[in-house]
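# Remarks on the overall topology
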Amino acid sequence: MSTITLQGILYDQKSSFQQGPAKAPPLIREALYSDSANMFTEDLKDVSNMHIDDRGDFVVGDYFEIESITTANLKDEGKLLTLGGDHSITFPIIKAHHEKYPILDILHIDAHGDLYDEFEGDKYSHACPFARIMENGFAKNLIQVGIRTLTTHQREQAEKFNVEVHQMKQLDLSKIRAFENPLYISLDMDAFDPAFAPGVSHYEPGGLSSRQVIDLIQNLDANIVGADIVEYNPDKDVHNMTAYLAAKMMKEILAKMVN
Ligand code: MN
Ligand code: MN
């Protein structure tokens, strides 16, 4: 069984609208280990028996430190799961993965394409990470699911980078094919409909249900080598329900990573 390394990135300085996700990682862990639920996945894998090497939470001063923190936590034999943080952290995380996985596919689950060339003057905004990833050639295939906020600019960017966009409009999850290359999953909590995940900075109605995302993860045919769960904003949450959803997704993703 492969070892999973866990890191928390306490960083939300590239959020364009509201801060809060920097507080998320310890709260997702707390929900995961809470007595309110057991540690089994729905496929009866016991997450408490997994080899999880939890490196703890990292306070990030400068954005570019995220790459070196991640490189240090990417052990040779281990796979890395990151708790964020705003979505800007995914670019330096993927940059660090590129050394180890020169050919990588990314499944990006989000209300937003995060493909802006720049946002409010910042090329590293949480609205831009997938533009940076694609222009650097850090992903072979980028598959986006849950998108419901395209602009003409972002649609052009998606075409430019040959992104496979599965919008909420006319979504058919059965069209997501098997992944032949190592796969990284980036889960933005605002992909869920705000009714399921009120603890996010950007409310975008018309989103995925909890069940749809769980099914999507469980049905993946892929070698998942890394993942992140980002954009949980505790300041917006109601009764910690988004923390519990993030923890459940963490469990289901962990179980798929050790396959
Ligand atoms: Mn995002
Ligand atoms: Mn988003």
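Heads up: these notes are all about the structure in this document. (Residues numbered from 1 in each chain as written. Chains lettered and ligands numbered in written order. Predicted model: local features only at pLDDT ≥ 70, side-chain atom pairs only at ≥ 80, totals over all residues. Heavy atoms only, no water.)

This part covers the overall build of the protein chain. Along the protein chain, the regular secondary structure elements total seven helices and eight strands. For the protein chain, the C-alpha radius of gyration of 16 Å lies close to 18 Å, the compact-globule estimate for 259 residues. The contacts in the protein chain between residues at least 6 apart in sequence include a share of 78% that link residues at least 24 apart. Summing over all exposed atoms, the protein chain offers an accessible surface of approximately 10,600 Å²; the carbon and sulfur share of this is 48%. (Helix = DSSP H or I, 4+ residues; strand = E, 2+ residues; numbered from the N terminus. Rg over C-alpha atoms; globule rule 2.2 N^0.38 Å. Contact = heavy atoms within 4.5 Å. Areas by Shrake-Rupley, 256 points an atom, 1.4 Å probe, with all protein chains shown as cover.)

Right, let's get into the coordination of the manganese ion (ligand 2). With distances of 2.2 to 2.5 Å, the protein atoms coordinating the manganese ion (ligand 2) are Asp 110 (OD), His 112 (ND1), Asp 188 (OD), Asp 190 (OD) and Asp 190 (OD). Expressed as a motif, the donor residue spacing for the manganese ion (ligand 2) is D-x1-H-x75-D-x1-D. Between the manganese ion (ligand 2) and the manganese ion (ligand 1) the interatomic distance comes to 3.3 Å, and Asp 110 is a ligand of both metals. With His 112 in the loop between strand E4 (105-109) and helix H4 (129-135) and Asp 190 in the loop between strand E7 (183-188) and helix H6 (210-218), this pair connects stretches of sequence that are 78 residues apart. Side by side, His 112 and Asp 190 carry an identical accessibility label, which is buried. (Donors = N, O, S within 2.8 Å, 3.2 Å for Na, K, Ca; no water. Buried < 20%, exposed > 50% of the residue type's maximum accessible area, 1.4 Å probe, protein only.)

Attention now goes to the pairing of strand E5 (residues 141-147). Across the seven residues of E5, six count as buried, placing the element largely inside the fold. Regarding topology, H4 serves as the crossover connection from E4 to the parallel E5, and that connection is right-handed. With four bridges connecting them, E5 and strand E6 (residues 164-167) associate as parallel partners. In the strand pairing of E6, Gln 144 is matched with Val 165. (Right-handed = clockwise from strand over helix to strand, strands pointing away. Pairing = 2+ DSSP bridges.)

Right, let's talk about the environment of Arg 148 for a bit. Looking at where Arg 148 falls in the secondary structure, it is placed in the loop between E5 and helix H5 (152-160). Arg 148 sits in the buried class, given a relative accessible area of 14%. In sequence terms Arg 148 and Asp 110 are 38 residues apart; their C-alpha atoms lie 8.6 Å from each other. Those residues in contact with Arg 148 that lie beyond four places of it in its chain are Ala 111, Met 168, Asp 190, Ala 191, Phe 192, Asp 193, Pro 194, Glu 204, Pro 205, Gly 206, Gly 207 and Leu 208.

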